[in-house]
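# Overview (structure and organization)
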Amino acid sequence: MMETRSTCAYCGVGCGVLIQSDGRHITGVRGDPEHPANYGRLCSKGASLHLTARPEVLASRRLLTPRWREDRSLPWQASSWDGIQQRLAERLLALRAAHGPESLGFYISGQLLTEDYHAFNKLARGLWGTPHIDSNSRLCMSSAVVGYKKALGADAPPCSYEDIEQAACLFIAGSNAAWAHPILFRRIEAAKAANPALRIIVVDPRRTETAEFADLHLALRPGSDVALFQAMLHQMIWQGWIRPDFIAAHTEGFEAVREQVQAMSPARAAQLCDLPEAQIIEAARLFSQSPATLSLYCMGLNQSSAGTDKNQSLIQLHLASGQIGRPGCGPFSLTGQPNAMGGREAGGMATLLPGHRDPASVIDRAEVAALWGVEQIPAGPGKTAVEMFEAAEAGEIKALWIACTDPAQSLPHQSLVRAALKRCELVVLQDAFSGSATAEFAHMLLPAATWGEKEGTVTNSERRISRVRAAVPPPGEARSDWQIVRDIARRLEPVLRPGQPSLFAWDGPEQAWIEHREATRGRDLDIGGLSYARLEQAPQQWPCPEGAETGRPRLYLDHRFATPSGRARFQPISWRPPVEWPSVERPLQLSSGRLRDQWHGLSRSGTVPALFGGAPEPRLALHPDELVRQGLAEGELATVSSARGRLHVRVTADAQLGPRQAWLPMHWGSEYLLGRDDTGAALQGVNALSQDRCCPDSGQPELKYATVGLQRLALPWQVLGAAHVPDAQAERLHQALLALGREAGYACCVPVASPAPGETGWLLEAAFAQVPGADWLQSLTQALALHAPGALRYADGRRGHLRLLRLQGEGEAARLQAWLRLGEARAGQGDGAWLDAWWREGRPVAGLGRQLLAPQAAGPSAPGSPVICQCLGVRESQIQGRLQQCQDLTPADRLQALQSALRCGTQCGSCLPQLRRLAQSTPTSLETSS
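Described below are features of the structure shown in this document. (Residues numbered from 1 in each chain as written. Predicted model: local features only at pLDDT ≥ 70, side-chain atom pairs only at ≥ 80, totals over all residues. Heavy atoms only, no water.)

The next thing to look at is the overall build of the protein chain. When its secondary structure is counted, the protein chain shows 32 helices and 35 strands. For the protein chain, the C-alpha radius of gyration of 28 Å lies close to 30 Å, the compact-globule estimate for 930 residues. Dimensions along the principal axes, computed over C-alpha positions, put the protein chain at roughly 80 × 75 × 60 Å. For the protein chain, buried positions account for 63% of its 930 residues. When contacts within the protein chain are restricted to residue pairs at least 6 apart in sequence, long-range pairs at least 24 apart make up 72% of them. The centroid of the 93 positive side-chain charges in the protein chain is displaced by 1 Å from the centroid of its 93 negative side-chain charges. (Helix = DSSP H or I, 4+ residues; strand = E, 2+ residues; numbered from the N terminus. Rg over C-alpha atoms; globule rule 2.2 N^0.38 Å. Buried < 20%, exposed > 50% of the residue type's maximum accessible area, 1.4 Å probe, protein only. Contact = heavy atoms within 4.5 Å. Lys, Arg positive; Asp, Glu negative; His and termini not counted. Charge placed at Lys NZ, Arg CZ, Asp CG, Glu CD.)

Attention now moves to unusual backbone geometry. For the bond from W542 to P543, the omega torsion is 0°, close enough to zero to count as cis. Summarising the element assignment, P543 is placed in the loop between β19 (540-541) and β20 (568-569). Look at L602: it is not a glycine, yet its phi comes out positive at around 70°. Secondary-structure assignment places L602 in the loop between β21 (588-593) and β22 (619-622). Despite not being glycine, R903 shows a phi value in the positive range, around 65°. Within the secondary structure, R903 sits in the loop between α30 (891-902) and α31 (912-921). Here R903 falls in the partly exposed class, since its relative accessible area comes to 43%.

The antiparallel open sheet is built from three strands, whose spatial order is β1-β2-β3. Either end of the sheet is taken by a strand with one partner, and the two such strands are β1 (2-7) and β3 (26-31). Pairwise comparison of adjacent strand axes, ignoring direction, gives a mean angle of 30° for this sheet. (Pairing = 2+ DSSP bridges. Axes fitted to C-alpha atoms, helices over the stretch in contact; angles between N-to-C directions.)

Consider a sheet: its strands pair through backbone hydrogen bonds, and that pairing is either parallel or antiparallel. Read once around its circumference, the closed barrel built from six strands follows the order β21-β25-β22-β24-β23-β27, with strand pairing classed as mixed. For this sheet the average axis-to-axis angle between neighbouring strands, irrespective of direction, equals 45°. Here β22 runs beside strand β24 (residues 646-653); their pairing, made up of four bridges, is parallel. What sits directly across from R619, in β24, is R650.

The subject of this paragraph is the side chain of T335. Within the secondary structure, T335 is located in the loop between β13 (330-333) and α17 (340-345). Using a relative accessible area of 0% as the deciding quantity, one classes T335 as buried. When neighbours within four sequence positions are excluded, T335 is seen to be in contact with G12, M141, H181, A340, M341, R344 and S461.

In terms of nonpolar packing, the biggest core is built from 82 residues, with L170, I188, I200 and L620 touching the most fellow members. Apart from residues no more than four positions distant in its own chain, I200 is found in contact with L170, I172, I188, K192, F213, A214, D215 and L216. With 62 residues, the next largest nonpolar core counts V203, M232, V257 and L319 among its residues. (Core = buried A, V, L, I, M, F, W, Y, C linked by side-chain atoms within 4.5 Å.)

This brings us to the pairing of strand β16 (residues 444-447). Burial of β16 is two-sided: the residues M444 and L446 facing one way and the residues L445 and P447 facing the other way are all buried. Bridge analysis of strand β4 (residues 67-68) against β16 gives two bridges, and the strand direction is antiparallel. Considered in β16, the bridge of R67 is made with L445. Looking at chain direction, strand β15 (residues 426-431) and β16 are connected through four bridges and run parallel. Among the inter-strand pairings, L429 is bridged to a residue of β16, identified as L445.

Viewed as axis vectors pointing N to C, helix α10 (residues 225-239) and helix α13 (residues 266-273) meet at an angle of 165°, and their least axial separation amounts to 9 Å. Taken together, the axes of α10 and α13 are roughly antiparallel relative to one another. Relative to α13, α10 is oriented so that their crossing is left-handed. Residues A227, L228, A231, H234 and Q235 of α10 form the contact with α13, whose participating residues are P266, A269, L272 and C273. Of the residues contributing to the contact of α10 with α13, the split by class is seven nonpolar, two polar and no charged. (Parallel < 35°, antiparallel > 145°, perpendicular 65-115°, else oblique. Left-handed = near helix turned anticlockwise from the far one by under 90°. Nonpolar A, V, L, I, M, F, W, Y, C, P; charged D, E, K, R; others polar.)

Have a look at this one:
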């Protein structure tokens, strides 16, 4: 076995990994104990990365050959690389001749490597001549970028992860780090254990796993962050908790802000934020009076129509109290994607140029043109992500080249996005995985290499550049993204730059990276002292100019900022409510976020069935009182409607939410949450509801907030169908179930980890207003192989109930291999639904006898429970059972007993917040007896 040092492909923490392989296939992964981002730890997603490269995934879920079709109604045709490159070049040049260079837009991804970003940017702006290149980082990081630039002068997070150990107060705003950045949260837990005096404040409308760990949880009304931060500043000024010496020496504009925040007293903010006034005052005291305050913030601030204002308001708290430019303090934006930072450095966004340059600057554009060896690059910024799709829907942009992202799942206002894709004359999708929602709208598919197969660099949240290395060659005909861009660019150059030397004379990614490095020299992010050889030795933080022994872990230690004056800037900011406000028609405030074990649109993490164990299906969460107010019961179906669209989903009670709040994970697109509305239109997943109103400064859409209405969905006929099949047959079953689910009023199609090696399970839940037709049922029966001889059958023609079962093995070893249930009772309860747990967990069925087919089979035990510990497969029911045996212990001792008995929480640690919650919520023996 060989081990290759590389970097994780998921979040912006940037964990180092050691990829285990036989040289041809990836066989395992473990954390790199020498990488300073994680020191060997991995979360549940990172620890299962090797499972996304299983042979069955490569064979069934990867794009392996180029494909094309003249029309979306036609089947795909395979092509050679030579053939598709020529075809694409001809199509692009024809579009350019007819409509000009700005008729083409590029939409790329924070999961690309820096070398890939550089290649795309140079192709778009340098060769083709369009400014319309933007990244899906627009959806997660652009408000943080503009906030840093407005306040500090540059898009440069001033802190490092080691500041967590140096801090005396952690102020976590709009981030459920326990789930979104688990390895960083392990560091927070360790810091609190080592220093119990460390105070943790969490600002979040939900009582998340992160909020439960806090000393002070500010459960503010969604969208009221600016009012909170301004009231804290008001209190700091009123109490004399600011640093006048620091403000006078190192900032400008404070007096205007002082005057403005006079009106935002804690009493007024308490009304706007729906918080106790005393909590606001205490937060201001802890923030300003702590020896060192570090703020950690993420999408709760960024994904907002006031995202830049929220970022600036928080940074101003640091400036007013002097909590910046010292160990353990400063404003620290947590990056969402593995290389969103590298994309910003390379200028791969519509509002950026390489080396943190500005496309609106004549000087900056001239510098980039000279670096690239072209006469000029397009003037001004291009269209941002939402603007690009609006332009495509309006017919202004005729073609989209999309790489490593799935806009038909992840962008807001899905009806507009899909209309834009349909209207485009050419959609090119460059991706590693097949089956994305966007693939339905593409004319060309370009197979790309991915994690474990490609070389380059990424930059994490603390400005640390790490090498990404290939452990195995790409499967099939997949190629690295920079290479795909290079080869097509060379096809275009004879027409666009006849007789001139190539702009893409690269034999490997290092040459592209060196060009990127040259664009940083003399800039705030100078990496002139780095090289691939030096990065081979260890990851390095920027800036690291030529001659530096190491990168700089903290910025602004001299309190000189990156503005023309060298002073940080205060700017007056007015609180404004979200662009939608609850109404009688839409009274609920919907937010979204990540699940602990899943990633974005599930293209990668969705190939690992075990990662669905903790959240096996889409659920809209509401406070228990809200369920009662809406007249809904746990698990019932409901229609959720916004001003832009609707979806059908099951509801669940969650006491961690406030009144009139709703929460739905961001991952559930139309590949998992399916069905049709009452007009017959296909449902489009969670982002059918989200709004495309954007922050005017950053262009980031308000994905975190939408007002919605809720109504019970009357689909009384429920179908559950599931089967474990050999891995080689799993994708065929998956596609068959998806096709059937799209015909239902509501459907959910998810993978399920099989208890038997070499098998994968798929489950379809569907609901109908009337009994589904015989042809539909026959198709489902055949897909699950329940029509073959030997299948067990119970049918009640009068009631319309049906149950089909297929067993595997004999005698005591017999287990449920596949099953189907049709009935009027809600799926998940009643007539035979307990079979789901028997099937999922592979329990022996020999003792059930006639219960398997009994007409009123209520089930011999409770249904299965979710997996809490992903690493060891420990379910909540096992944990609860153990906790009942140690009621006399303190919560801390209960947690230790759980870890000793079940070993849950002893591996990656991602489940520790949930284990802690369960240990604390279990009643003591005294409470039980009373």
